Amino acid sequence: MLLDKNRKERILWRSRRGLLEMDLILERFLSKHLDTLTEEEITVYDGFLQLSDNDFLDMAMGRKDPQEILEIELMNKIRNS
């Protein structure tokens, strides 16, 4: 999916977190995948961004697992980036 410049910048800005570990994980993920995310994946990613930093980090580190199939698939992309 080709994102317009404003939407891409919004996603990048919202992906800045309060924990350095999350910033590093998300920066690596977005540099590899942002330009190819589907609309559904962006929606799921937006949901992840609503989580607290600690809850999001727990998922990214595999200490918690998402429940929905699209969430699991996207979290696997994040974890493997």
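Residues numbered from 1 in each chain as written. Predicted model: local features only at pLDDT ≥ 70, side-chain atom pairs only at ≥ 80, totals over all residues. Heavy atoms only, no water.

Asks: Explanation requested: the packing of helix H2 (residues 20–33) against helix H5 (residues 69–79) in the structure shown.
Replies: Two packed helices can be described by the angle between their axes and the distance between those axes. Running from N to C, H2 and H5 cross one another at 105 degrees; their axes reach a closest spacing of 8 Å. Considering their axes alone, H2 and H5 lie roughly perpendicular with respect to each other. Along its contact with H2, which presents Ile25, Leu26, Phe29 and His33, the element H5 presents Leu74, Lys77 and Ile78. (Axes fitted to C-alpha atoms, helices over the stretch in contact; angles between N-to-C directions. Helix = DSSP H or I, 4+ residues; strand = E, 2+ residues; numbered from the N terminus. Parallel < 35°, antiparallel > 145°, perpendicular 65-115°, else oblique. Contact = heavy atoms within 4.5 Å.)

Asks: I tried to follow H5 on my own but got confused; where do I start?
Replies: Because each turn of an α-helix spans 3.6 residues, side chains separated by three or four positions in sequence point in the same direction. For H5, every residue scored as buried is listed here: Leu74, Met75 and Ile78. Considered in projection along H5, the buried side chains sweep an arc of 100 degrees and stay on one side of the axis. Buried-residue contacts for H5 involve H2, helix H3 (39–49) and helix H4 (53–60). (Buried < 20%, exposed > 50% of the residue type's maximum accessible area, 1.4 Å probe, protein only. Arc of directions from axis to C-beta.)

Asks: Just to check I follow, could you spell out the pattern of salt bridges for this structure?
Replies: Any two side chains of opposite charge can pair if their charged atoms end up close together. All chains considered together, the criterion is met by nine salt bridges. With a shortest N-O distance of 2.8 Å, Glu41 and Lys77 are connected by a salt bridge. Linking Glu41 in helix H3 with Lys77 in helix H5, this pair joins segments that are 36 residues apart in sequence. With a relative accessible area of 15%, Glu41 lands in the buried category. Here Lys64 and Asp55 are joined by a salt bridge, their closest N and O atoms 3.0 Å apart. The partly exposed category is assigned to Asp55, whose relative accessible area is 30%. (Salt bridge = Lys/Arg side-chain N within 4 Å of Asp/Glu carboxyl O.)

Asks: I keep staring at a nonpolar patch on the surface and nothing clicks. Help me out?
Replies: The grouping of Ile69, Leu70 and Ile72 at the surface amounts to a nonpolar patch, some 250 Å² of accessible area in total. You can see Ile69 is positioned in helix H5. Look at Ile69 and you get exposed, because its relative accessible area is 56%. (Patch = residues over 30% accessible without salt bridge, like charges linked within 9 Å, V, L, I, M, F, W, Y side chains within 5 Å. Areas by Shrake-Rupley, 256 points an atom, 1.4 Å probe, with all protein chains shown as cover.)

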